[in-house]
Structures are given as C-alpha cells and as structure tokens.
Amino acid sequence: MFLSCLQAFTQSGGKNAVIRGVVKNANGEPVEYAAISIKNTPLGTQSNAEGKFFLHVLPGTQTFHIQSLGYAPYEKQVELKPHERIGLEIQLKYSPHNLDEVVVEAKSQVQMVKETPFNVVALDAKAFYNTTSDVGKLLDKVSGIKIRETGGVGSNLNISLNGFTGNNVKVFMDGVPMHGFGSAFQLNNIPVGLADRIEVYKGVVPIEFGSDAMGGVINIVTNQSRRPYLDFSASYGSFNTLKTNLNLGYTAKSGFTVQINAYQNSSDNDYEVKTEVKNLQIGMTPLGEYHWVKRFNDAYHNEAVVGKIGFVKTKWADRFLVGATLGHEYAEVQQGYRMTTVFGEKKKTASSNLYSLNYEKRNLLFKGLNVKLNANYNISNNHNTDTINRSYNWFGEYVTKNAKGEYGSPTLSSFKNRNQSVTVNIGYQITRQHSLMLNDVYTAYKRSNNNAMAIVDPDNPPEPDIERRSKKNTLGLSYRYMSPNERWKANIFGKQYNMDVTGPVNTGDASHPNYVEVNSDYSITGYGVATTYNFENLQLKASFEKAYRLPSDNELFGDEVLESGSANIKAEESYNYNLGATFNRNLSVNSVLSADVSLFYRDTRDFIRRVVDAREGGVTSENWGQVKNIGIDAEVHYYYKNKFAIGGNVTYQDMRNYEQYSRSNSRQLSVTYKDRMPNIPYFFGNADATYYFHNLWGKGNTLSLSYTFNFMYQIYVNWPSLGNKDTKDQIPTQLWNDFNVTYAILNGIYNISFEVMDINNELLYDIFYNQKPGRRFSVKFRYFITSKKKNYY
C-alpha cells in the first residue's frame, strides 16, 4: 500500500500548496496553541510556542479559520495554485466572549515531533481517554514496540523496542527521567488519561534526553493546558479490577498554576491458568497433565498522586514548578519468573516520595538563549516478606518444610533506595538555520538493606555489610542545521558517559554464594548524526549513533525479591542505524492517507541478557558477547472526515547471537552461534478500526465503535539449538481481538464505555511462558469539564 501510494504521488506530481504563518495578538506577542483549520475539510493544526504554523492544502479557493480562547475568530479566504507557497501574519483581536470549545483534528505538537530528523513516533493519547487502557497498552500500538507482561494488573512489564528490551529503553515524563519513581509508576500502572501525547524515539536519541538509552526513549508528555479542567474516571472489570483516575488543573491570569494527577489500580488477579501441577507427596510434576486452576496469591493494589504548583508564562520564567510525587504499592507474589515455582504467602510492599523542580525560560538574558532545569530527589522504601516454612502447588495445597522461606532463605528484608537526578539543558539559536545545544544529566543511586529475619532467626545471619551505590553522568553536545526553505534538517551530536559503581559480586556459585565488595569506574564516548529531507508529501530520514547503555540498579544490585545482581556487569555498546520514510497525502477534502516505514540495524557488544534459574525461578543478568539485529517496521492509517479511521502496524526483526565461542577464555565454538535470541518477539503487529456516529440520540452526542486485532508469532523461550525441538518450551503463535464501545454525551462531558479484551478467549502467554488473563470485561465512566471563565491570558 505504501509503495502504491508513493507511485501515485510521483505520477501526480504532488500539487498541494503550502501555507506558512505566524499568529500574534494586538501587542505583537505570539499566540501559542491557536487552532488553525481549513473549513469543510479535516485539515488542521496548532500554532507552536512562537505562534508559528504551516499546512499542506489542496489548491483552489480555501477558507482559512483561526480560533483561540480569549480572542475573536479570524477567517480569510485564499486562492491557492498548485505548488504555491504563501506566508501569512495574523493578528487576533481580544474578545472576552469567545470561550467556546476549540476542536482540532490534527495536533501540531504531534506533527512537529514527527518532522524532526530522528526516527520518532508521536501518539495522541487523548483519543484513548475513554478506554481502560494504560500507557503500556497504548504503546503496544506503535510499530516496533511489543509490551510484555508476566500476568495481570501490576505484573512485571518489559518493553521490547526494535529488539532492545528492558533497561535499554528509558522512560521519561515531561523530559524528566522516571528512573527511581518506583514500581507504582511502571507503564502498566499509569492511566492513559495522565498523558497528552507519547513520543517514542527508536534507536538514535537526541541529547536533550541525556540518557544512556541505547534502544530508545519513551517520553510521556502530560497535559500542559493553561485552561482550567477537571477529568475524573472510574472503571470496574473482571477479577474484581477497579481503576480510578483524577486530573485537574488551574491557571490564573498572573500565571500561578496548580496541577494534580492521582490514580489507583486494584485487582484480585484470580484468573484461571492452564498448567502442570506439582505432586507435593512425591515432590515431582507429572509432565503432560494440565489442569485449569485459579491464581490464589496474586492480589495487587497501588495508589499514586502527582502534584505540581508554580508559575507559567511570567517575565522571569516560562515554567517554574515544584512538585511532589507519592506512590504506594502492595503485591502478593504468586510465582517465580516461571510458572513452575509457586508461592502461597510471599508478598512485597513499596512506597516512594519524590520531590521535583522544573524551570524553563526562552530568551534568557538575550534572544536565542533557552534554558531548562529539571531536578528530583526520591526515597523509596521496600519490604519483602517470605518467612513461612511451606512449599505450595497450583491447587493451593502445601507441605511443611524444615527450612523457613518459600524462596531460598527466609526474609523480612527492608531496603531503602535513594535516587537523585539533575538535568540541565542550554540551547542557543545562532541564526534561524543554525543552533547549538548542551545537555548534562547527573544521576546518583544508593541502597541500604536491613533483614529483620537475621535478628529473629539465628540460623540466618545478616549479609555482609556491602555498600550499594552508583553515580552516572551523561554530557551531550549537538549542532543543528535547517535549510532556508526548511526542507532539510540535520543534527550532529556527541555524548560522554561516566559511571562509578560500588557493590557486591558473587565469587562463589548459586549454591554457595560468597559476596565481596568491588568498585569500578569508567568513561566512554558516543556520537551520532540524524538528517531528514521533506518533499511535499514525503519525508525521508536517516540516522546513526554509536550508543552505550549503562547497567541499571537492578542489574547491578538485584531487586531483593526474585532478581539477583552483580556489580561487575559492563556497559552495552551498540552501533544503531535507521532509514525511514513517511508519506502523507490528502486524497480528497474529506480523506487523508498516511504511511510510515523504517529499516533498522543494530550491532551490539556486551549485550545484557536476562537468564532464569530453572530450579529456583529467580532471574539474573549477564553480558552476552555480540548480538546483531536487522528489521523493518511499518504502519499505515486512513481517515475519512471525522467518521471513520482504520490503521495498523507490523514489525519483523531478526536478532541473532554472534558470540562465536562458548566462553571468553575458550576457543570452543558455541552451539548457539547465529541462533535467534530467545524469548524476544520477532514478528508481531496489530490493526484497528473506529467508526463514529455523531449527534446520535441528541446534539453533541457521539457513539464510537472500535475493534483491534493483535498477533504475535511463536518464539522459543530458550536457545533454539538446545534441547528437543518437539518438547522445548515455546510461546505459541497468538491471535486475539479486542472491542470497545463508547457513548460520549454533551460533547464529551459525560462518557460511558464498555470493553471486552481477548474476545475469543485465546490462551495468551508472554515472558518466559507465563500465562496472562484471558477474556475479560470492563465498564468505565468518565466525567470531563473545562471552565469557560476567562482566567488565563
């Protein structure tokens, strides 16, 4: 479809005209977020922070319409010739009576992100506010991304982006790293209503994120509106699952602003699984005998609130916010990383307190100098309980053991994590075509442990008093160029990584561990380039980066529950290449077609791989030589007026082991040489369609029907070359369907939704062959209102 559209575009010569302009008020100041549209078409955009905008428009007589809260509407009729490019400077007049809702079909913030030289996808989250989706499920709609979970609500989540997984992909909120936020803030806990849009950078990452994100970056952009609003939603569904979310904001004329985001998730997670069950009397599991059983120790709940207070758009700051983020989590632990290990009373709790500061100012001291500062400090307290002397199976039966603890040694451990992060970004616009940017990110981490079991049980002496801390610093410098006609953009950058680690290393083995304290520090340098060229309806992109990914805290120090760490893990190194093309075409005044295709190649050394202990069900990480990955992802979308939308994406990647020898000190060839990397999806995708019935059963009421089809091709859990092909564990090919119906009343003030996930009740498996919930239902109510008073500027 993409090639056919490209051919049609080439033959037609691309006749669209281009309108560029700037929107200002009576004082000559730029008006940002003004809604710009072409009447009687689905075309629209918004002005940016400088009041600038541009639109591709079909030739002919078009009526140009601009509307912004607090200003009188502006209309102008223009006659456009094929290929014509015109510039407009619009001055809006103040009007206290114009406070109607402004609806924009196309979101310029999303479009501007897509037009950068980087391989980036931007998702408009607002279209999913009436669903029960979390941020993780929304990301699953992005080409190249596979969101993986070990179970139901609150389960462990792993992101796969172009083959890179876990810590290779860094997550940010409003440009601030979420490292240290705590598990209550993992992506499958965050409601989609918290986000305005989500940006996904694949492989090559701009320096302003200042991260060792070798695989890519996910940036969750929250609601930045200065218009007062209240958004509350609640949903209830299968397995006693309850989710609530509250978002509210207020901004005064003076620029004083308050923002509060709060949410909670809870579930019994008592869904049925089909599994083999251990016979506790003989201590063995009859192979091939499967039973349907209910999960019985998997309840979960978490609560979180994000509060910010400060000023926006003042003479001394475009944005100055101080904030507090509080989170709490309770989780029963049903199993190890594999379903072969079952727990009956193991549990964990966690709480986190994060305090933040955000300052932004454009044209600080002199024109062209832009500064951003983000700082946060987080303390998280974690407690793990595993003291019972029992061994459970999936029937909930148990036998008494001589030793305490369901998993290894008994524990009443508590540990405190302290995280701090400071990001400074300085940009200078030399001329309209040339700019420089300097970015520095400093992060520090420290953990302190205390196992109360060592006090009450003399058979379990305390662990050696070993310090666990890490310090990281990433310094980046970039030069950006934009051609006079704005068609060609280029970005050249370099990054300096520094890391200092102190922590335990096991010099013994799994059965007889002997931990000693080690210290290591190193400094490495990366670099890259990204470029793009815009034709009329076609954008071409290319990028390269020599990237590094520093080990995470869990990889270095473990999670004190099921994951073991090692402080001697080395940084991953990767050479990342991207080629891409994006096609957008107005097929008529009522329909738009867009398509995107990306080719990627990754050559990674010292790849960090997660390995499961088959006997105990725990997991650890190790460096694994050299891994290469080549792949393609594509997506296509079609929109007809505001009535119908259909689209989909597909990803195929070939990620293989290129470590030729079995060990670093051996010349023996590895039997897994050139094997496909296990437990990583390589062929997957989804498609969705939505139809809207407007003014149904009343003016301003809309009924929408949405359907989603998902698929993932089979993968081996372990190395393909090891074991018997017919009996080894593999996650089977999976096809499943989801459906959503939403009725929005009074232009979206009241909203009622009903969802059914996995309609055909497929057996769905994921990480390490863990079974996920089957068919499940939910209903959601959402109330949204925004003030019509003029209390902004």
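## As for the sheet that holds strand E11 (residues 164–165)
(1) Moving on: Across the sheet, which stays open at both edges, the three strands sit in the order E9-E10-E11 with antiparallel pairing between neighbours. Both outer strands of the open sheet, strand E9 (145–149) and E11, are each paired with one neighbouring strand and no more.
(2) Moving on: Taken together, the five bridges between E9 and strand E10 (residues 157–161) define a ladder with antiparallel strand orientation. Bridged to Arg148 within E10 is Asn158.

## Here's the deal with the pattern of salt bridges
(1) Moving on: Going through the model one piece at a time under the given rule, you end up with 27 salt bridges.
(2) Moving on: Ionic pairing is found between Lys24 and Glu89, a salt bridge with its closest N-O pair at 3.9 Å. Of this pair, Lys24 sits in strand E1 (residues 17–24) while Glu89 sits in strand E7 (residues 85–91); the two residues are 65 residues apart in sequence, bridging distant segments of the chain.
(3) Moving on: Take Lys24: its relative accessible area is 26%, and that puts it in the partly exposed class.
(4) Moving on: Residues joined in a network through salt bridges with shared partners are Arg20, Arg432 and Glu486.

## Things to note about the sheet that holds strand E5 (residues 60–67)
Pairing between the strands of a sheet comes from backbone hydrogen bonds, and it takes one of two forms, parallel or antiparallel.
(1) Moving on: Across the sheet, four strands lie side by side as E3-E2-E5-E6; this open sheet has antiparallel pairing. Each having just a single partner strand, strand E3 (44–46) and strand E6 (74–80) make up the two edges of the open sheet. Recorded for the sheet is a direction-independent mean angle of 20° between the axes of neighbouring strands.
(2) Moving on: Note: strand E2 (residues 35–38) against E3, three bridges, orientation antiparallel. Paired with Ala35 across the bridge in E3 is Gln46.

## Some words on the nonpolar core
Soluble globular proteins: nonpolar side chains tend toward being buried together.
(1) Moving on: Counting 33 residues, the largest nonpolar core has Leu139, Leu187, Ile190 and Ile198 as the members making the most contacts within it.
(2) Moving on: Within the residue set of this core, elements represented by two or more residues are strand E8 (120–124), helix H3 (135–139), E9, E10, strand E12 (169–173), strand E14 (195–202), strand E15 (216–222) and strand E21 (300–312).
(3) Moving on: Apart from residues no more than four positions distant in its own chain, Leu139 is found in contact with Ile145, Ile147, Leu187, Ile198, Val200 and Ile218.
(4) Moving on: Ala17, Ile36, Tyr71 and Leu80 belong to the second largest nonpolar core, which has 20 residues in total.

The rules behind the values
Residues numbered from 1 in each chain as written. Predicted model: local features only at pLDDT ≥ 70, side-chain atom pairs only at ≥ 80, totals over all residues. Heavy atoms only, no water. Pairing = 2+ DSSP bridges. Helix = DSSP H or I, 4+ residues; strand = E, 2+ residues; numbered from the N terminus. Salt bridge = Lys/Arg side-chain N within 4 Å of Asp/Glu carboxyl O. Buried < 20%, exposed > 50% of the residue type's maximum accessible area, 1.4 Å probe, protein only. Axes fitted to C-alpha atoms, helices over the stretch in contact; angles between N-to-C directions. Core = buried A, V, L, I, M, F, W, Y, C linked by side-chain atoms within 4.5 Å. Contact = heavy atoms within 4.5 Å.

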